[in-house]
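# Notes for the structure review
Each chain, letter by letter, is given below.
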Amino acid sequence: MAIGLQDTLFDLAGRSAIVTGSSRGIGEAIAFRLAQHGANVVINGRKIEPAEDMALRINARQNDGFGKAVAVAGNITKPDDLTALVKQAEAAFGQIDILVANAALHIHVGPSQDMSDAVLAKTLDANFFALHRLSQALLPGMVARGFGRIVNISSVAALFGSGNYHSYTLSKTMALQYIRNIAVEHGAANIRANSVAPGLTRTDMAKSIIDNPALLARELSRSTVGRYGEPEEIAGAVLFLVSAAGGYVNGQTIAVDGGISIRYE
Ligand SMILES: NC(=O)c1ccc[n+]([C@@H]2O[C@H](COP(=O)([O-])OP(=O)(O)OC[C@H]3O[C@@H](n4cnc5c(N)ncnc54)[C@H](OP(=O)(O)O)[C@@H]3O)[C@@H](O)[C@H]2O)c1
């Protein structure tokens, strides 16, 4: 599909998106930016109140050209909740064109000897199976309509080995490969599947590092830019991938990490 000079590259009017874990943090920034560019967005989290607050903030901006928002509570580790999430999203907006699998669990830090099957299974449910289950539910419609955009929010941690982050990096790495497979399987049907791998970003999940001077100094010593990232800077990469600007990008992992992943020493 040719894009003419008269066309805008980031217009999402008429598109609808599910962003998991979008009541705060990186997901909130992603949902806000997609809505600002015209997409209808489903705001999700386990708790309904923060999701409803976020939806209200978007719906208050209708005069500024924002898309609409609805809040749907649901736990991404529960298959029934994912089924209900898709059902309610489709009931609200008719069809879903964009999936941003953002919510994740990071529940164990320590040696592999201490990683229980239960921790690994729960982490895989959140960080891999939710992406797979939502993709399975949404892809048939996307393929039939000839348009779909799937973005997996990964982590720069998935690009390295780790002696401490076993379950988190395993699950995040599986999702990277899943995205590559979906990109190959469905690229010709105008589906694009990509991953964004954030480095340390100022959210609740990163609070224990950002609020600890020693841990923060160690993290930033590897950064090429000497600071942590802001949720908006991750949202920008997602906006690029789901809009016309990113139409030729497929199966990639884009690190938004202040250059940590290209630093050798
Ligand atoms: N922040 C970083 O430094 C960083 C770095 C690399 C990668 N990432 C990745 O970026 C993504 C977003 O992280 P974040 O830092 O924005 O996290 P966050 O600030 O902790 O935000 C978490 C969001 O996800 C929701 N959530 C948590 N568990 C959920 C569940 N089981 N089911 C449904 N929703 C759930 C939360 O709402 P409720 O509490 O109501 O459920 C909230 O909306 C994750 O994939 C994370 O791995 C983050």
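Residues numbered from 1 in each chain as written. Predicted model: local features only at pLDDT ≥ 70, side-chain atom pairs only at ≥ 80, totals over all residues.

### Regarding the overall build of the protein chain
Helix and strand content of the protein chain: eight helices and seven strands. Compactness check: the protein chain gives a C-alpha radius of gyration of 18 Å against a globular reference of 18 Å for 265 residues, within 12% of the reference. If you line up the protein chain on its principal axes, its C-alpha atoms span 50 × 40 × 40 Å. When burial is assessed residue by residue, the protein chain has 45% of its 265 residues classed as buried. Sequence-distant contacts in the protein chain: of pairs separated by 6 or more residues, those separated by 24 or more amount to 72%. (Helix = DSSP H or I, 4+ residues; strand = E, 2+ residues; numbered from the N terminus. Rg over C-alpha atoms; globule rule 2.2 N^0.38 Å. Buried ≥ 20, exposed ≤ 12 C-beta atoms within 10 Å, placed from the backbone. Contact = placed C-beta atoms within 7 Å.)

### What to know about the environment of Ile98
Here Ile98 is to be found in strand β4 (residues 98-101). Owing to 28 C-beta atoms within 10 Å, Ile98 belongs among the buried residues under this scheme. Each C-alpha atom, one on Ile98 and one on Ser223, is 31 Å from the other, the two residues being 125 residues apart in sequence. Look past the residues within four positions of Ile98 in its chain and what remains in contact with it is Arg15, Ala17, Ala39, Arg149 and Val242.

### Describing the site of the ligand
If you check the shell around the ligand, you find 29 residues, and the closest are Gly21, Gly25, Gly45, Arg46 and Ala104. Mapped onto the shell around the ligand, the elements with two or more residues apiece are α1 (25-36) and β2 (40-45). With three residues, the top contributor of residues to the shell around the ligand is α1. Considered class by class, the residues forming the shell around the ligand number eleven nonpolar, 14 polar and four charged. (Near = placed C-beta within 6 Å. Nonpolar A, V, L, I, M, F, W, Y, C, P; charged D, E, K, R; others polar.)

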